[in-house]
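Inside the fold
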Protein chains: 2
Amino acid sequence: MIKIVIYDDHKARREALRLLVSFQQDMRCIGDYEDCSDLVSNLKSDPPDVVLMDIHMPGVDGIEGVKLLRKNYPDTLIIMQTIFEDDDNLFNCLLAGANGYILKKAPNEKLIEGIYDVVNGGAPMTPAIAKRVLEHFSKKPSTDNRHLYDLSRREMDILGCLVKGYSHKMIAAELFISPFTVNNHIKKIYQKMQVHSVSEAVATAINKKIV
Amino acid sequence: MIKIVIYDDHKARREALRLLVSFQQDMRCIGDYEDCSDLVSNLKSDPPDVVLMDIHMPGVDGIEGVKLLRKNYPDTLIIMQTIFEDDDNLFNCLLAGANGYILKKAPNEKLIEGIYDVVNGGAPMTPAIAKRVLEHFSKKPSTDNRHLYDLSRREMDILGCLVKGYSHKMIAAELFISPFTVNNHIKKIYQKMQVHSVSEAVATAINKKIV
DNA sequence: TTAAAATTGGCCAGATCAGGCTATTTCCCC
DNA sequence: GGGGAAATAGCCTGATCTGGCCAATTTTAA
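Residues numbered from 1 in each chain as written. Chains lettered and ligands numbered in written order. Predicted model: local features only at pLDDT ≥ 70, side-chain atom pairs only at ≥ 80, totals over all residues. Heavy atoms only, no water.

Examining the nonpolar core
- By size, the foremost hydrophobic cluster in this structure holds 56 residues, and its most contacted members are Met53 of chain A together with Met53 of chain B.
- In this structure, methionine 53 of chain A is in contact with Tyr7, Cys36, Leu39, Gly62, Gly65, Val66, Leu69, Ile78, Ile79, Met80 and Gln81 of chain A, ignoring residues within four places of it in sequence.
- Among the nonpolar cores identified, the runner-up in size contains 45 residues, and Met156 and Ile189 of chain A together with Ile171 and Val202 of chain B belong to it. (Core = buried A, V, L, I, M, F, W, Y, C linked by side-chain atoms within 4.5 Å. Buried < 20%, exposed > 50% of the residue type's maximum accessible area, 1.4 Å probe, protein only. Contact = heavy atoms within 4.5 Å.)

Take a look at the structure:
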């Protein structure tokens, strides 16, 4: 039996969802609330398996709710619900640890299917949302940032060493060149990358996925 | 009218897919091939809108196919097809630029739905695949690396500054403390993280997702 | 309440780095 | 063949960082 709790500020929708869940053989709604202000105490006595979480709620909203759930009930599965697919909060939710993302306008079967999906370890989401996730996630590898700063081959070698935490000396030994040469390459790298220290260069390189 | 091309080494499946497509009002299969060895010339005369691409094919396989398509026909949409959801090639395909990922065992309606999804700019995928993408993308589902080195709150502040490329002085100014104090915290950080320079600390912090 | 840990501040010597300069050799492209 | 970029090597000065040391105060935990 899958225990479900509903968070939504619309009373009518809460009741509709409750009804929908009650029609399922192996699901049971064990609570519905209009916001997450008392989430921790709400669920204490009987933690649910799945939480249907509206994003936009007055008071403590769904994003805070996800964080609270992850902190206090790490095993509880969370399905976010929103009206728009291009909600900017999408990534905040997913990063905060939501398991799925289903539109409110989705047909009931999709929602039920989504509940089964998360229970089975999946992450149900609409194709449009999946697209955004993919883009966000493959942005760095797909776009070729290696030439962002137009670093030469040797400069890339040296930047690679810097990222590994090597000192000038160690780089010289690693690449069989003089420390002076290393120093020169690094100077050139700084110019091209518009930084002024190893740490800045390393941070920039890693964040922009150049190496 | 959506023009579709099929790549699959199984003749029977190619014909089944062709038949399925032919049943749709607004789709037309304009070609099917058993591998991607002549992909570029195959599609030259009449580039398709959507390609259904099997991953595992003898000769030039689907992954190479995706790369060829992206290079020569960047606007063509690609739906990958495989038997297993945990295929290691999954990420290679998605990174190479596949638009969707549908299981071979999926019902026909799902495939047709997926074709419409990619045409509408979505990225159809099964919940299990979406889950893997999400995990790969947020890279910290279970392990809380923040306490990996048992850094104190203040040490985390300072490490955060280091990652941003700040110098000792800048950190002192940022946190309203003496440069000497910064120096002490950094020394402690080095001890705990087992490193000996800012760049090493930054590289370690970013790679292990501590900050 | 007491002990431990965290945070703060300080000093100093030696090593390292940042950024200025010049110069030679190699390689690729026009 | 010539121009230009890349890679190499060298020097120097001042700034910065590393890693010892010590000690006061505050916060946290036992």
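Description of the interface of chain B and chain A
- With 33 residues of chain B at the contact, the number on the chain A side is 34 residues.
- For the pair chain B and chain A, the number of links is two salt bridges.
- Counting across the chain B and chain A interface gives six residue pairs in polar contact (both at pLDDT 80 or more).
- Only helix H4 (89-96), helix H5 (108-119), helix H6 (127-138), helix H7 (153-163) and helix H10 (198-207) of chain B provide two or more residues apiece to the side of chain B that touches chain A.
- A per-element tally of the side of chain B that touches chain A places H6 of chain B first, with nine residues.
- Residues of the side of chain B that touches chain A, tallied by class, amount to 20 nonpolar, seven polar and six charged. (Salt bridge = Lys/Arg side-chain N within 4 Å of Asp/Glu carboxyl O. Polar contact = N/O pair within 3.5 Å; in protein donor to acceptor, adjacent residues only side chain to side chain. Helix = DSSP H or I, 4+ residues; strand = E, 2+ residues; numbered from the N terminus. Nonpolar A, V, L, I, M, F, W, Y, C, P; charged D, E, K, R; others polar.)

Regarding the relation of the copies chain B and chain A
- Mapping chain B onto chain A is achieved by rotating through 178 degrees and translating by 1.7 Å along the same axis, at an RMSD of 1.6 Å. Accordingly, the operation relating the two chain copies is best matched by a two-fold axis.
- In this assembly, 100% of the residues forming the interface of chain B have copies in chain A that are likewise at the interface, indicating an isologous arrangement. (Least-squares fit on C-alpha atoms with pLDDT ≥ 70 in both.)

Overview of the protein's contact with DNA strand C
- Close contacts around DNA strand C come from 20 residues, with Lys187 and Tyr190 of chain A together with Ser152, Ser178 and Asn184 of chain B the closest.
- Each atom of DNA strand C within 4 Å of the protein was assigned to sugar, phosphate or base; sugar and phosphate come to 60%.
- Here tyrosine 190 of chain A contributes a side-chain N or O atom positioned 2.7 Å from a phosphate oxygen of DNA strand C.
- Mapped onto the surface near DNA strand C, the elements with two or more residues apiece are helix H8 (168-175) and helix H9 (179-193) of chain A together with H7 and helix H9 (179-193) of chain B. (Near = heavy atom within 4 Å.)

What to know about the protein's contact with DNA strand D
- Close to DNA strand D lie 19 residues, the nearest being Ser152, Arg154 and Ser178 of chain A together with Lys187 and Tyr190 of chain B.
- Among the atoms of DNA strand D close to the protein, meaning within 4 Å, 61% are from sugar or phosphate groups.
- The separation between a phosphate oxygen of DNA strand D and a polar main-chain atom of arginine 154 of chain A is 2.8 Å.
- In this structure, tyrosine 190 of chain B approaches DNA strand D through a side-chain N or O atom, which is 2.8 Å from a phosphate oxygen.
- For the surface near DNA strand D, the elements supplying multiple residues, two or more each, are helix H7 (153-163) and H9 of chain A together with helix H8 (168-175) and H9 of chain B.

Observations concerning the environment of serine 178 of chain A
Residue and element names in this part refer to chain A.
- Mapped onto the elements, serine 178 comes out in the loop between H8 and H9.
- Look at serine 178 and you get partly exposed, because its relative accessible area is 29%.
- Placed 10 residues apart in sequence, serine 178 and histidine 168 show a C-alpha to C-alpha distance of 9.5 Å.

Looking at the pairing of strand E3 (residues 50-54) of chain A
Residues and elements named next belong to chain A.
- The element E3 is largely enclosed, with a buried count of five among its five residues.
- Of the two faces of E3, the one holding Val50, Leu52 and Asp54 and the one holding Val51 and Met53 are both buried throughout.
- In the sheet, strand E1 (residues 2-7) pairs with E3 via four bridges, with the strands oriented parallel. Each bridged residue has a counterpart across the sheet, and for valine 5 the counterpart in E3 is valine 51. (Pairing = 2+ DSSP bridges.)

Re the sheet that holds strand E2 (residues 27-33) of chain B
Residues and elements named next belong to chain B.
- Read from one edge to the other, the open sheet built from five strands follows the order E2-E1-E3-E4-E5, with strand pairing classed as parallel. Pairing within the sheet leaves two strands with one partner each, and these edge strands are E2 and strand E5 (100-103). Between one strand axis and the next, the sheet turns by 25 degrees as a mean value, whatever way the strands run.
- Looking at chain direction, strand E4 (residues 77-82) and E5 are connected through four bridges and run parallel. By the bridge assignment for E5, glutamine 81 is matched with isoleucine 102.
- Set on the sheet, helix H1 (residues 11-22) makes contact with strand E1 (2-7), E2, strand E3 (50-54) and E4; between it and E2 the angle comes to about 165 degrees. (Axes fitted to C-alpha atoms, helices over the stretch in contact; angles between N-to-C directions.)

A short note on the environment of glutamate 174 of chain B
Residue and element names in this part refer to chain B.
- Tracing the sequence through the fold places glutamate 174 in helix H8.
- For glutamate 174 and cysteine 161, which are 13 residues apart along the polypeptide, the C-alpha to C-alpha distance reads 8.5 Å.
- Sequence-distant contacts of glutamate 174, defined by excluding residues within four places in its chain, comprise Cys161 and Tyr166.

Concerning the packing of H8 of chain A against H9 of chain A
Residue and element names in this part refer to chain A.
- Remark: H8 packs on H9, axes separated minimally by 8 Å, with the N-to-C direction vectors making an angle of 110 degrees. Viewed along their axes, H8 and H9 adopt a mutual orientation that is roughly perpendicular. Contacts from His168, Ile171 and Ala172 in H8 reach Pro179, Val182, Asn183 and Ile186 in H9.
- A per-class count over the contact of H8 with H9 returns five nonpolar, two polar and no charged. (Parallel < 35°, antiparallel > 145°, perpendicular 65-115°, else oblique.)

Digging into the pattern of salt bridges
- Applying the stated rule across the entire model yields 22 salt bridges over all chains.
- Here arginine 14 of chain A ties to aspartate 32 of chain A by a salt bridge, and the two come within 2.8 Å at their closest N and O atoms. Placement of the pair is arginine 14 of chain A in helix H1 (residues 11-22) and aspartate 32 of chain A in strand E2 (residues 27-33), with a sequence separation of 18 residues.
- Taking relative accessible area as the criterion, aspartate 32 of chain A reaches 23% and is therefore assigned partly exposed.
- The salt bridge partner of arginine 13 of chain B is aspartate 8 of chain B, with a shortest N-O separation of 3.2 Å. Summarising the burial analysis for this pair, arginine 13 of chain B and aspartate 8 of chain B share the class buried.
- Linked through salt bridges whose partners overlap, the residues forming this network are Asp8, Arg13, Asp54 and Lys104 of chain A.

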